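Coordinate inspection notes
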Amino acid sequence: MGFLDKFRKKKQPEVSPGGSTIYRYETPEDQGWRPPETVGAYAGEITAHFESLFPGRESFVFHELVSDLVHIDVNVMRPTEQQDFYVLYTTGMSDLPMTLPDELADREDLKYAELYLFLPGYWELGSTGELDSNLPYQWFWPIRILKFLARFPHEYKTWLGWGHTIPNGPDYTPICDGVGFGGVVLSGGGGDLGQMDARDGRHISFFMAIPAYKEEIEYKLKYGMEALDKVFREKQLPMVLDIRRPNLCPDFKEILDG
């Protein structure tokens, strides 16, 4: 069972050797359908922000047809001749505040976020107006990850932030057949790619969802995100998803308890 299915949660979180808090989740009690109080309250501003960062691109939206608690859309900006990659980003995650741990409860700058990632130009995302559910899973899985993670903190009353890692279950089950990634690391770009302030003053952070190998995630749990970030920089982690990229922590074999 992986993070695209269900989680289990202990009452008390654990701490990894690298100082990362480890949360375990279980399926919350069924509260019935909870229609979103707002739908895309900041979608227009977020879209304008990304269009300023990646101008001149054709774009479309994979709209969520039935929403519970929050309405999550995945926005797609098509490649250009100069930049042959897709830009995908969520809207709707920032409609509600995330639930921060007690020691961070007063950090307004951490409560609201959206996610993004880059896909290579050959990726097949269908035509404008097509439903994302019609895509073959080999093309759909990055969209599913974004949707799942964007809803996750609201459904499970938790939070996501820079350096958080989400393994695909205890065995790091491959995200998709033929793809070696067993989870996701959340990182962030600097400057405007990492944040924006809405007109009403709400601070929204943007985190890049990086599909990662088991050894990369466990390296982070052992040594912390700063150490993994250094590895990513020194070994030149590609910003555009490359499903054939090498494992950047191939020699990390330590078994971590937790």
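Residues numbered from 1 in each chain as written. Predicted model: local features only at pLDDT ≥ 70, side-chain atom pairs only at ≥ 80, totals over all residues. Heavy atoms only, no water.

**A look at the nonpolar core**
When a protein is soluble and globular, its nonpolar side chains tend to lie buried together. In this structure, Leu 88, Leu 125 and Trp 141 are the most contacted members of the largest nonpolar core, which totals 42 residues. Looking at this core, the elements with two or more residues in it are β3 (59–62), β4 (73–77), β5 (85–91), β6 (113–120), α2 (137–155), β8 (183–187) and β10 (203–212). The element contributing the most residues to this core is α2, with ten residues. The contacts of Trp 141, once residues within four sequence positions are left out, are Trp 123, Ile 175, Cys 176, Val 179, Phe 181, Pro 211, Leu 241 and Ile 243. Listed in part, the 32 residues of the second largest apolar core include Phe 54, Ile 204, Ile 210 and Cys 249. (Core = buried A, V, L, I, M, F, W, Y, C linked by side-chain atoms within 4.5 Å. Buried < 20%, exposed > 50% of the residue type's maximum accessible area, 1.4 Å probe, protein only. Helix = DSSP H or I, 4+ residues; strand = E, 2+ residues; numbered from the N terminus. Contact = heavy atoms within 4.5 Å.)

**A short note on the packing of aromatic side chains**
This model, assessed by the stated rule, comprises 19 aromatic pairs. Arranged with centres 6.3 Å apart and planes meeting at 90 degrees, the rings of Phe 54 and Phe 85 form a pair that is edge-to-face. Highlighted residues: Phe 54 in the loop between α1 (43–53) and β3 and Phe 85 in strand β5, separated in sequence by 31 residues. We note that Phe 54, like Phe 85, is buried. (Phe/Tyr/Trp six-rings, centres within 6.5 Å; stacked < 30°, edge-to-face > 60°.)

**Some remarks on the confidence of the model for the protein chain**
Averaged over all residues, the pLDDT of the protein chain equals 88, while 84% of them reach at least 70. This model gives residues 6–11 a pLDDT under 50, and the stretch forms 17 contacts once residues within four places in sequence are excluded. (pLDDT = per-residue confidence, 0-100.)

**Overview of the environment of Gly 169**
By the secondary structure assignment, Gly 169 is in the loop between β7 (165–167) and β8. Residue classification places Gly 169 among the buried residues on the basis of a relative accessible area of 12%.

**Description of helix α4 (residues 225–234)**
Taken together, the buried positions of α4 are Met 225, Leu 228, Asp 229, Val 231 and Phe 232. The buried residues of α4 occupy one face: seen down the axis, they fall within an arc of 155 degrees. For α4, the exposed residues set more than 90 degrees away from the buried face come down to Glu 226, Arg 233 and Glu 234. Along its buried surface, α4 packs onto β8, β10 and α3 (214–223). Positive backbone phi, at 60 degrees, marks Gln 236, one or two positions downstream of α4. (Arc of directions from axis to C-beta.)

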